[in-house]
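Architecture and fold: a report
The primary structure of each chain is shown beneath.
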Amino acid sequence: MKIGILTSGGDCPGLNAVIRGAVLNGVITHDTEFVGFRWGWRGVVENDVVPITRHDVRGLARQGGTILGSSRTNPFEGERGGPENIQRTLDEHGIDAIIAIGGEGTLTAARRLHEEGGINVVGVPKTIDNDLAATDYSFGFDTAVEIATEAIDRLRTTADSHGRCMVLEVMGRHVGWIALHSGMAGGAHAILIPEQPQSIEQITEWVESVRDRGRAPLVVVAEGFHLDSMDEAHSHKGLDAFNRPRLGGIAELLAPEIEARTGIESRATVLGHIQRGGAPSAYDRVLATRLGMAVVDAVYERAWGSMVTLRGTDIETVTIAEAVGSLNRVPQARYDEARILFG
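Residues numbered from 1 in each chain as written. Predicted model: local features only at pLDDT ≥ 70, side-chain atom pairs only at ≥ 80, totals over all residues. Heavy atoms only, no water.

With respect to the secondary-structure elements, Glu195 resides in the loop between β7 (190-192) and α7 (200-212). We note that Glu195 is buried and unpaired, the nearest opposite charge coming from Arg329 at a distance of 5.3 Å. A polar atom in the side chain of Glu195 sits 3.1 Å from the backbone nitrogen of Gly176. Filtering out sequence-adjacent residues up to four positions away, Glu195 remains in contact with His174, Val175, Gly176, Arg329 and Val330. (Helix = DSSP H or I, 4+ residues; strand = E, 2+ residues; numbered from the N terminus. Buried < 20%, exposed > 50% of the residue type's maximum accessible area, 1.4 Å probe, protein only. Lys, Arg positive; Asp, Glu negative; His and termini not counted. Salt bridge = Lys/Arg side-chain N within 4 Å of Asp/Glu carboxyl O. Polar contact = N/O pair within 3.5 Å; in protein donor to acceptor, adjacent residues only side chain to side chain. Contact = heavy atoms within 4.5 Å.)

What follows covers the packing of aromatic side chains. According to the stated counting rule, one finds 3 aromatic pairs in the structure shown. Centre to centre, the rings of Trp206 and Phe342 are 5.0 Å apart; their planes meet at 80°, and the pair counts as edge-to-face. Residue Trp206 is located in helix α7, and its partner Phe342 is located in the segment after α11 (332-339); the two are separated by 136 residues in the primary sequence. Take Trp206 and Phe342: they sit in the same class, and that class is buried. Taken together, Trp206, Tyr335 and Phe342 form an aromatic cluster joined through their ring pairs. Over the ring of Phe76 we find Arg112, and its NZ or CZ is 3.7 Å from the ring centre. (Phe/Tyr/Trp six-rings, centres within 6.5 Å; stacked < 30°, edge-to-face > 60°. Lys NZ or Arg CZ within 6 Å of the ring centre and 35° of its normal.)

Strands sit in the order β7-β8-β6-β9 across an open sheet of 4 strands; the sheet is parallel. Two strands close off the open sheet at either side, each with one partner strand: β7 and β9 (266-270). The mean angle between the axes of side-by-side strands here comes to 15°, regardless of whether they run parallel or antiparallel. The pairing of strand β6 (residues 165-170) with strand β8 (residues 218-222) spans 5 bridges and is classified as parallel. (Pairing = 2+ DSSP bridges. Axes fitted to C-alpha atoms, helices over the stretch in contact; angles between N-to-C directions.)

Side chains that carry opposite charge are capable of pairing whenever their charged atoms lie near each other. Overall, the coordinates contain 12 salt bridges when judged by the stated rule. Ionic pairing is found between Lys2 and Glu33, a salt bridge with its closest N-O pair at 3.8 Å. Here the residue Lys2 occupies a position in strand β1 (residues 2-7), and Glu33 occupies one in strand β2 (residues 33-37), the gap between them amounting to 31 residues. Between Arg111 and Glu115 there is a salt bridge, with its nearest N and O atoms 3.1 Å apart. Here the residue Arg111 and the residue Glu115 both occupy positions in helix α4 (residues 104-117), the gap between them amounting to 4 residues, near one helical turn. The class for Arg111 is partly exposed, based on a relative accessible area of 29%. A residue is classified by how much of its surface remains accessible, and Glu115, at 52% relative accessible area, is exposed.

Glancing now at the side chain of Arg164. Mapped onto the secondary structure, Arg164 falls in the loop between α5 (141-162) and β6. Looking at Arg164, the relative accessible area reads 17%, which means it is buried. There is a polar contact of 3.3 Å between the side chain of Arg164 and the side chain of Glu265. Each residue touching Arg164, except ones within four places of it in the same chain, is listed here: Ala159, Ala216, Pro217, Ile264, Glu265 and Arg267.

Below you can see the structure in the form of C-alpha cells.
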C-alpha cells in the first residue's frame, strides 16, 4: 500500500513525531510506501508530492514544526480542487489513502472529501487549543501550556518590579484550555476564557483586589474571550481560508481599559505564534508518536472517514463527524474551581 501524509492548518509541536510514528509503523509492520504532500491540502491540489522514507524520519520526534510544511488551503477551492481532481492526483501517483493531520478545518475538509467524493482518508487530531470533543487531549496542547506558563513566570517578575498589571493573551479561539491550565499553573489573578464572558467591572474588581493586597495583578486571557458587552470575539485581521475570523488583540483592548478604570499602569503581551514553536514536550512526543502509529493501523483497517483519538490512556478510532460536531469546552465546574483563585 502507498499512503500520502499531509499536515494542514496551524503548525504545532508534535507534527513531526506523528509523521515519524506513522512511517516507522508502516514500514516495519506493513511494508508500506509513504509520500508527503507539501504545504498541507495545497500539495494535494497542486500535485506537490515528495517521497518519505525511514531515513527521512530519523530523530524527528524531538523536532518542532513539520518537515512537510503546512497551510490553510481549502481543498475544495481553485481549478484543481474538489474530490474528482484530488482523486486523479492520487491515481496518478498510485496513492491508496491520505493521512490528514490537522485541526477542525482540516478534519472537516477530510470528512467532506470522503463523504462527497469517496476519498480514502483517515485523520489525526492536531490542535494546541485542545478544542476537539472526540479526544481527551491533542498533541501540542501540553507544549503550548508550558510555553504560556513560562511567559507568566517571566511577566510576574517585571510586573512586581514596577507594580504594573500584566495582561497576557494566549491562543484559544473557541475554548479556554490553554488559558485555564497556564493561568492556574502560573498563579494568574484572573483567567478570561471564551466560555465565560465577564464584565469589565468584574475584571477591574479582581485587579484592584490584587493591588490592595500589595501584589502586581496578572491576567491571562484567551484570544477568543469577549466582554459581556461585546457580541463576539475581537477580530481585526480579516478571514482565513475557511472564512473564519482571525482572532487576536483582546489583551490590547483590555489593558488600557483596566488602567483607565483602576489607575494601575497596565501592559498587554500577546504571546501569539511563540506557543506553536519549538520542540514538543515529552508528553506531546509520546502522544503524537502513538497517534501516528495508530493511524496507519486505521488505514489498513480501511476506517475511512475516521480519526484516531485519545480516550483516557488508550488510543481509539472515532468518526471525524464525532470530532468536528461539537467543541471540547471548559466545563463550568473547572472554571468555578479556578475562580476560587482569582483576585
